Structure formats: structure tokens, C-alpha cells
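# Commentary on secondary and tertiary structure
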Amino acid sequence: MFATFVSTPAPSTTHSSTTSSSRSPASSITVACPNPGTERSSHTTGSTPAVRPKRVQVARACDWCRVHRIKCDSEQPCNNCRTRGGECSNKGASPIRTLPHAFRELERLRQRIKELEREVEKRDKVISSHQEEVARAYASPGSQGAPVARLSGPQNVELNAWGEPGKASRHIEGIFMSTTQHPQKQWFGPSSQFFFIGRMHSYLAVALRQTHSSQSIQIHVANKPFTNSCVPSPGSTEPGDVSSPNLSMDPGLSPARSLSATQEQYFLDVFWQNHHCGLQIVDEASFKEHYRSLWTPGERFRKPSPLVDIILALSMQQGMPPSLMPQRDRLSAEHSSHDPVKAEIELDARWHYQRCQGLLLSELECPTISTLQCQMFSVIYLCCSSLQNMAHSSLAVAIRTAHILGLHLEPSHELPRRERELRKRIWWSLYTIESKTCMKLGRPWSTTLSEATCTIPADDYELAMQMGCSTSPGDNVTWLTYTVQLVKLVLAARTVYNAFYQKVGLVLSDSGNPNPSLYEDPAAIETCATFLQESMECLGTWKRTVPNTIQNKRKRNGTPMSTDRSPLAIEIFAPVWLQRHRLWLELLYHNLSMNLYRPFICFRYSSDSHAMALTTITHQVVTDTHLLNGWHEAFQWQWNAALTLLGFALAYPAAGEILSQVRTAIDLAIQSCEIFGRDFSVGLSAAAVARDLAKKADIIRDTTRQAGADFEMSAHVDGNLQGSELNQQNLC
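Residues numbered from 1 in each chain as written. Predicted model: local features only at pLDDT ≥ 70, side-chain atom pairs only at ≥ 80, totals over all residues. Heavy atoms only, no water.

### Here we look at the pattern of salt bridges
What counts, and what does not: A pairing counts as a salt bridge when a side-chain nitrogen of Lys or Arg comes within 4 Å of a carboxyl oxygen of Asp or Glu. By the criteria applied, helices consist of DSSP H or I runs no shorter than four residues and strands consist of E runs no shorter than two, each listed in order from the N terminus. Relative accessible area decides the class of each residue, using a 1.4 Å probe on protein chains only: under 20% of the type maximum gives buried, over 50% gives exposed, and in between gives partly exposed.
Evaluation of the coordinates by the stated rule reveals 24 salt bridges. Here Glu-284 makes a salt bridge to Lys-288, at a shortest N to O gap of 2.9 Å. Here Glu-284 and its partner Lys-288 are both found in helix H9 (residues 284-293), four residues apart, which amounts to about one turn of the helix. The exposure class of Lys-288 is partly exposed, given its relative accessible area of 35%.

### Some details on helix H17 (residues 481-509)
Think of an α-helix as turning once every 3.6 residues; residues three or four places apart then point the same way. Which entries qualify depends on this criterion: Given a helix with a known number of residues, its expected span is that number minus one, times 1.5 Å.
Its 29 residues place the ends of H17 42 Å apart at the C-alpha level, agreeing with the 42 Å of an ideal helix rising 1.5 Å per residue. Along H17, 24 of the 29 residues are buried, which leaves the element largely enclosed by surrounding structure.

### Quick look at the nonpolar core
Inclusion rule: The definition of a nonpolar core used throughout is a set of buried Ala, Val, Leu, Ile, Met, Phe, Trp, Tyr and Cys residues joined through side-chain atoms within 4.5 Å. Every residue pair with non-hydrogen atoms within 4.5 Å of one another is taken to be in contact.
Core analysis: the biggest nonpolar cluster contains 109 residues, and Leu-628, Phe-635 and Trp-639 have the highest contact counts within it. Not counting residues within four places of it along the chain, the set of residues in contact with Trp-639 comprises Gln-193, Ile-217, Ile-219, Ala-686, Val-689 and Ala-690.

### Comments concerning the environment of Asp-475
Relative to the helices and strands, Asp-475 resides in the loop between helix H16 (461-466) and H17. Overall, Asp-475 belongs to the partly exposed group, its relative accessible area being 22%. Between the alpha carbons of Asp-475 and Pro-547 there is a distance of 6.4 Å; along the sequence they are 72 residues apart.

### Examining the packing of helix H7 (residues 261-273) against helix H10 (residues 306-318)
This is how it is decided: Simply put, an axis is a line fit to the C-alpha atoms, just over the touching stretch for a helix, and the angle between two N-to-C directions goes from 0 to 180 degrees. Oblique is the label for every angle not falling under 35 degrees (roughly parallel), over 145 degrees (roughly antiparallel), or within 65 to 115 degrees (roughly perpendicular). Lys, Arg, Asp and Glu make up the charged group, whereas Ala, Val, Leu, Ile, Met, Phe, Trp, Tyr, Cys and Pro make up the nonpolar group; the residues left over, Gly among them, are polar.
It is at 8 Å that the axes of H7 and H10 come closest, and there the two elements cross at 80°. With respect to H10, the axis of H7 lies roughly perpendicular. On H10, the residues touching Glu-264, Phe-267, Leu-268, Val-270 and Phe-271 of H7 are Ile-311, Leu-312, Ser-315, Met-316 and Gln-318. Of the residues contributing to the contact of H7 with H10, the split by class is seven nonpolar, two polar and one charged.

This is the structure:
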């Protein structure tokens, strides 16, 4: 783009340069035009022109230097990129100057087209094969599903026996289980932690010949379901003005918990640096203008606002960094799960959450975008409080609010672009939250894309500038790219999830057993495992399309997004938001993959392990950085991985070398849970449960070694962890 000419000045400048170029078109050295100012000075003084030093020639400037039109060098990275601490890339194609070069480029493009066609053909075969199996099962005369009707018209619409679009569900496994918070049994699907805990419980009862409570494998949560003890009236301006007459029911939730302006500003800054980075559903400029309008000069407290309250609750729930605590309180927080400062902040967070819910009651009939934002943040708050059923119920209300506001439809072009893109981000963020929650609990969906027309939001530099972020680290990646990649990842995982559990339902329904179980039929396990392995190509496609800039680099020549357990090469000079986006995407990818593979924990092991990779990354980050401090979802991912590792250790006490690697990963997981416990006590509970299960796994391992034979569970034990020796990958 910017050619560099190197030579000594010549009298006939233009003609010499042109002639030289025409004689040697492939030459990399040409004649430079002399400096006009130097030439005039030479003629005036009559002296001989000085010989200019030879400039270092750069074949092509890097992308960043070329965009900013500054001088680059031949180093990698160049000096400019090293100074700014950013990525130095050169991905622009060199211009085609010769006919042979053009032919080579055409041939390269032809080969690339053939590769893409083969990938599309392979994907279509997998999808069509699955669709044919589903259609064949439903068309069979002895099918247990509801009959399918076809309507004539321009398109065939399939209705089940209840007149609803789609086909009837097949057999679905699940479990009714009580939690540590309530003795009432609740239903959890086959992809949930609780279903896996139920299998572990049945296994331990037979392996150790002892009766164990399933709650002994669950983490104990300090939070209890909320009371109506501090619901303020919608018109309240004072923190002590509450409408509930039952305030004395929970004296810990005193209403006089409003923060000062300085305290609120601190926790709002925490929100912009953390939750806003991962849940991009609030326009920062509009929110700050709204927040300023709530303060009246001379008043001690601001006017009530549900959006401000729930954002403050989220930030307080994340906790105060230990570095800002007094030394005595910091030492107490590190060695005790009952830190008084932490407990006080948690009570303040709960009070703000409840005041937000009271204020939202008056908006339910005529909701706004702000209402939906409050409901989505409330779901996150409840999830981080380990109140999964409350979060799931609140999520359903948020989805209905989104439908009322029409966010599932493509925004009108009459709206400003900034507002259109905000509506898209809100809808797709809600979709990802709902998808992750339902896959985590194994429960049915509340959203379907068949009734939505909203397209995936944009993430271009111009839009990011309007949102207040002027940094673009390369590969056209902006602060908004995370939401786009998160949506694509969840879409891919949900596609695999739907196809896999539909396949499991078909296999179990065709088994002829009135109460079929996947773990009592080795042939069914093998069929489903083969199908899942082919379907996982959908996630592999997503991984290959993630821009390099938003991927974590690895040390020791490790591959990004892989399970080789190589350490992360954390780019400390990159923006904090970019470091977190890289980390969150990779951890979520491993978590979703691990959940999909976990039903086959009984298969032959492999050293490539999503659970071990997630544990290794998490332990490195929580030990060496502060990127995951107070981040409850990261703790949930780590606890999920710890359960998977413990299940593998229990199922394969004679696994040899792989068992020692799993055991090492379990110790890392326990350490990570203890570090998370500095921010929330549930982390310490998880570490205690994992430590207890690890001891039981060691007992079974020692018993197996003494017996001198592989430890195998009976195939007739319902919910067992053993199975036939089939091909297993990426399980533990």
C-alpha cells in the first residue's frame, strides 16, 4: 500500500524511476524521488548533494500500522505494537501483480471452495441422517409417540395429537431429588448435575456397602428462599418505608440499608468492569444519565430505581475485593466462611434485590426495556445465590416480558441503529441465559427460534465507538464481539443437545422395555455415543471460526481452545475486558462439551479431557490473576468439572495412569473451590464435599488394587457408572 523507494538522488527523477520500473517489473528495489527541498538547497549553494542513508525496506506494514498510516518495521511484533501492548498481525493479501500470481490465486480459491463444499456435504449428511431416523421412528405403526398430521398448503406443517407444531416427545430420563435447601423433591433432566449425583449415589451405596444420603454429595448453600420482609411500596423514597407488615420475620433484612453516594458509585464501577463486560444489555451513557436524575441536591438518599437497585445488588453480591478490606478483616475473610464484613454486604445486596422486586410489581402490566433488564439481572442474581428454581421461574417471566415488548422480532428500521442493536443484544442475551439454564437443569425450553425473526446483533467498530469503546485489538474484534461469539457457541451447543437427547429418546423408546434406561443397554450406549461424536462437529465448526484475537494463546506450543492442558499465555497488557472475554468463552466451551460427554462417563477413558482442561485453566487464573474474583458462574463451572472428575475416579478405580492425572486435577479443583470460597461460602462447602468424595474414591481404588482385579459394578444396578468398553473421548 505504501511503497518505500531506496536509492541515491538522481537528476532525472521521474524518467529514471519509470524506466527502471519498466525494465525490471519484479525488482524489489526502485529509484526514489529526491527530496525537493534538498535539491533546491544544493543548487543554491552549488555543493554536491549529500548521499542519503539507505532506508530499511518493509515488504508490507502490519495491519495496525497500515490502518493508522505510521511507519512499521520488519520485526514481529513490530516496535509500535510492542509499545502499545497489542497484537501485531499482517493478514491483508498482497496485491496481484503478475499473471502467474493471478493463476495461483485462482487455483487456491478453487481448492478452498472444494473444501468448503465437502464440509457442507458432511454436515448435511449428519443432519439428514438424524432427520430420517426421527421421521422413520414416528412413522412406524407401533410408535409410542402421538400421531402426526400434515396440512396441505405451500408448506407442510406437522402437528402432534395436541394440535401443536412439531412432534411429540419421546422417552426422557430424569430424576426426582430433594436438595440441601428443601426436602421437597424436584425433577431434574438427564443433563443436570443432580441426575449425575443420583448415579454417583447409587454407585457408592453398592460399592461401599453403606447407605449414603444424596445430599452428602451436594454443596450446602447458606442462602435461603426470600421472605416478603422488605418489599418497599412503589412510591417509597426513604429506605425505611416498606409496605410489608412482616418485617420482624427476618431481622437481618433491616430496611435501613441504603448506601451513600460514594458507596453506590464504587459498586457501580464494579458493575461496569465485571457484569457489564459479560452481559451487554445496558447502554452505559443512558444509564448514567438516568442515575444522575435520581439525585436531588440536599437529599440524603436518591429516588428509588429498580434498575439501579438490582445492579447494586449484583455488584455487592460479587463482594468487596480483599485488597480494599482492612488487614484484620482481610485475614478473617481468607480463613473463615463467616466473615462479618462479607455477611453485611450480602445482607445489603439481598435488601436491594428485594426492593427492586417490589418496585417492579407496578411495571408488570406495562413493561419497558428497563423492566426486562431488571428481570434478566435478577435471574443472574438468583443463580449466583444458588437459588436455581427461583432463577428458572424468574427467567420464564423475563421471556414473556420480551415477547410482550416484541424483542423476538426484527427491530424496525425507523429506530436509531444504536437502539436496534441494543434490542437485539437483549433478546439474544436472554436466549443464551435460558439455553444455558435449561441445559444445566435438563428441563424443557421456553424459547424457540421458529417463532423469532430477530437477527444476531452486530459488533462492528463504528457501533462499538457509539457504545463508548474505541479499542479494537485486531481481527475486527471489538468489545461487542463477545456477545456475537457467545450466541454462536450456545446455538451450536443447543443444536447438539437437542439432536443428542432426541436420539436417546428414540433409542430408548424402540428398546421395547417399559422402563428403559440408557445404562442397562450397552448397544444403546454405543449407538448414542457414535451419534454424539458425529454431532460434536457442530461445536468444532464454531471453534474453528472464532477470531484468533479473542482466543487464549497457549504456552509450550499448545493449541488454543484445546484439551492439551498447556498453560495459558495471558496477555497482561491486553484490555481487561478482552482478557475476560477470552477466558469466559473458553471455559464455557469446555463446560458445555463436558456436559454433553458426561452421560458416557463409563466408556474407555482418554487423556484429552474437557474437565481436566477447565480445571487446569481455572486454577491457573484464580491463582495468578484476579480475572475470576467473585465470578459465581466460573465457580459453578469448576464445581461441575469437579463432580465429573470425581465420578470418573469412582467409576474407574483401576484406570492406571489416567486415574493419577484425574486425581491430580481433583486436588486442583479443591484448591480452586477454596479460593472461590474467599468470595462466597458455597465455595468452601464445595471443597469439603469434593474432599470427602475423593477420600471415598481412594478407598475404592485401594480396595481394587488389593483385590488385584478391575473393579466392576453390576450392570443391573440402576444408575450405575459402569458400562461396556466403548469409544469415549473428552469425558473427564
